[in-house]
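Listed below are the residues making up each chain.
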Amino acid sequence: MTPAELSRTVLRAVRRAVDEEALRAPVPARVRVERTRPGGSGDYACAVALQLAGAAARPAREVAEILRDRVAGAPGIGRVEVTGPGFLNFTLDASADARVRDALVHDVLARGARYGHGDALAGDILQLSHAREVRAAVTAHALRTIARTQGALVSTGCDGSPDPDWARLGVDIDATGKPAASPTVVRPLRAGAAASELLERLGPDAVRWGLLRPAGHDRAPLGDELLVQSAGNPLFLVRYAHSRARALTRGAALLGFDGSYDEDVDAPALLRALADYPEALAAAARHRAPDRLARHLEDVAHAFFDFQDSASPLPVGDEKPSAAHRSRLAVAEAAGTVLAGGLSLLGISAPEHL
């Protein structure tokens, strides 16, 4: 069960409780679940009972117990616990893990660049406004792209005439001058340099990563470290992971086989990172924080290299291609798909060769 599927399961439990008049509260549009934090219980946690308690005029723990009874036994869920003041904690059904992993890999490969797109902001209308400054412009442009993947209608505006060099960074805007309505103002810390100077030193991909990877309230490091070709440079790490995934596909084609997830693969960290990508993308849209997407791509890249080092997707030595190799290759291809899609949303290229 993916986080998105678990969220829908909990939301159905809320609707059922309201329909049965076990709860008297408005049904939320969405229910958020997240990975259990260190020291917590289970695989995922949800605070929806605390959100409903006030409207329901009941203690949050009591609300959580009502929902627990309606979630317990759902396909893919092994155990549901109520902890603390009213948190729901979910342990997934281990017997369903293989089916879940199979569905996950097939879903990523089938949806391609649209994997992770959803309706978390469906119906929302966002008007983003930014100053005539390069980091604000790049951030607003990335937010527009990311929010649209979640169903939002988004436009961007600049309170002055756009810098012509922004186009070289892939930035366009929908309007200039004072916005007609109250906008959401994008105010990251300034880059401290003009687009032309940054482009001359770093090129468009490194500039965009350098501006988007730090949280908006943090200074953006824009030195030569963005050009270093080593694992210590997160931009290189993410793009190299993508190029390695593509190289594995090319190598498999030369050996006469392709990726097909037919056999369970021991890659928990990578599969978890792929499963969590839709929620990371939705969180980046909700919180107006493209850095969340960038950081998740780093997680995928690290997990990909750990996976590749532990079990090669390609035959080694005298090995012949097997079902295990085909399944590992499918996982590697899914990782490459997620990395390419995420980089594209940040406006950064994903080269096949690096």
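Cut-offs and rules
Residues numbered from 1 in each chain as written. Predicted model: local features only at pLDDT ≥ 70, side-chain atom pairs only at ≥ 80, totals over all residues. Heavy atoms only, no water. Axes fitted to C-alpha atoms, helices over the stretch in contact; angles between N-to-C directions. Helix = DSSP H or I, 4+ residues; strand = E, 2+ residues; numbered from the N terminus. Parallel < 35°, antiparallel > 145°, perpendicular 65-115°, else oblique. Left-handed = near helix turned anticlockwise from the far one by under 90°. Contact = heavy atoms within 4.5 Å. Expected span 1.5 Å × (residues − 1). Buried < 20%, exposed > 50% of the residue type's maximum accessible area, 1.4 Å probe, protein only. Core = buried A, V, L, I, M, F, W, Y, C linked by side-chain atoms within 4.5 Å. Pairing = 2+ DSSP bridges. Phe/Tyr/Trp six-rings, centres within 6.5 Å; stacked < 30°, edge-to-face > 60°. Bend = angle between axes of the 7 residues up to and from the residue.

Enquirer: Tell me about the packing of helix H10 (residues 290-310) against helix H11 (residues 323-345), and please be specific about residues and values.
Expert: For the pair H10 and H11, the least separation of the axes is 10 Å and the interaxial angle reads 160°. Between H10 and H11, the angle falls in the class roughly antiparallel. When you trace H10 past H11, the crossing you get is left-handed. Where H10 approaches H11, its residues Leu 293, Leu 297, Val 300, Ala 301, Phe 304 and Phe 307 are matched on the opposing element by Arg 328, Val 331, Ala 332, Ala 335, Val 338, Leu 339, Gly 342, Leu 343 and Leu 345.

Enquirer: Can you break down helix H1 (residues 3-19) residue by residue, with the values?
Expert: Between the first and last C-alpha of H1 there are 24 Å, a value that for 17 residues agrees with the 24 Å anticipated at 1.5 Å per step. Taken as a whole, H1 has its buried residues at Pro 3, Leu 6, Ser 7, Thr 9, Val 10, Leu 11, Ala 13, Val 14 and Ala 17.

Enquirer: Describe the nonpolar core, naming the residues involved and giving the relevant values.
Expert: Counting residues in each nonpolar core, the largest one holds 77 residues, and the members touching the most others are Val 134, Trp 209, Leu 270, Leu 293, Phe 304 and Leu 346. Sort the elements by how many residues they give to this core and H11 lands first, with 10 residues. Setting aside residues no more than four positions away along its own chain, Leu 346 makes contact with Ile 146, Arg 208, Trp 209, Leu 212, Pro 290, Leu 293, Ala 294 and Leu 297. In terms of nonpolar packing, the next biggest core, distinct from the first, is built from 30 residues, Leu 6, Val 14, Leu 67 and Ile 77 among them.

Enquirer: Could you give me a rundown of the sheet that holds strand E7 (residues 175-176), with the residues and numbers involved?
Expert: Pairing within the open sheet is parallel, and its 4 strands lie in the order E7-E6-E5-E8. Of all the strands in the sheet, just E7 and strand E8 (184-186) have a single pairing partner and so form its edges. The sheet contacts of helix H5 (residues 134-149) involve strand E5 (125-130), strand E6 (153-158) and E8, and relative to E5 the element is tilted by about 170°.

Enquirer: For the packing of aromatic side chains, give the residues involved together with the corresponding values.
Expert: Under the criterion given, the structure shown has 4 aromatic pairs. Between Tyr 115 and Tyr 277, the ring centres sit 5.9 Å apart and the planes meet at 15°, which makes this aromatic pair stacked. Here Tyr 115 is found in the loop between helix H4 (97-111) and E5, whereas its partner Tyr 277 is found in helix H9 (residues 268-286), with 162 residues between them in sequence. Look at Tyr 115 and you get buried, because its relative accessible area is 4%. Arranged with centres 5.4 Å apart and planes meeting at 70°, the rings of Phe 304 and Phe 305 form a pair that is edge-to-face. Each member of the pair, Phe 304 together with Phe 305, is buried. One aromatic cluster is present, formed by Phe 236, Tyr 240, Phe 304 and Phe 305 through successive ring pairs.

Enquirer: Provide a residue-level description of H9, including the pertinent values.
Expert: Helix length check: H9 (19 residues) gives 27 Å between terminal C-alpha atoms against 27 Å at 1.5 Å per residue, within 8%. At Tyr 277, H9 shows its maximal kink, close to 40°; a proline, Pro 278, follows between one and four residues later. By the criterion of burial, H9 is predominantly enclosed, with 14 of the 19 residues buried. Just past H9, the residue Arg 288 takes up positive phi, approximately 55°.

Enquirer: So, the sheet that holds strand E3 (residues 77-83): which residues are in play, and what are the values?
Expert: On the basis of which strands lie adjacent, the open sheet formed by 4 strands has the order E1-E2-E4-E3 and antiparallel pairing. Where the open sheet ends on each side, the last strands, each with one partner, are strand E1 (33-35) and E3. Across the sheet, the axes of successive neighbouring strands diverge by a mean angle of 30°, strand direction being ignored. Of the pairings in the sheet, the one linking strand E2 (residues 44-46) to strand E4 (residues 87-92) comprises 3 bridges and is antiparallel in character. Note on E4: the bridge partner recorded for Tyr 44 is Phe 90.

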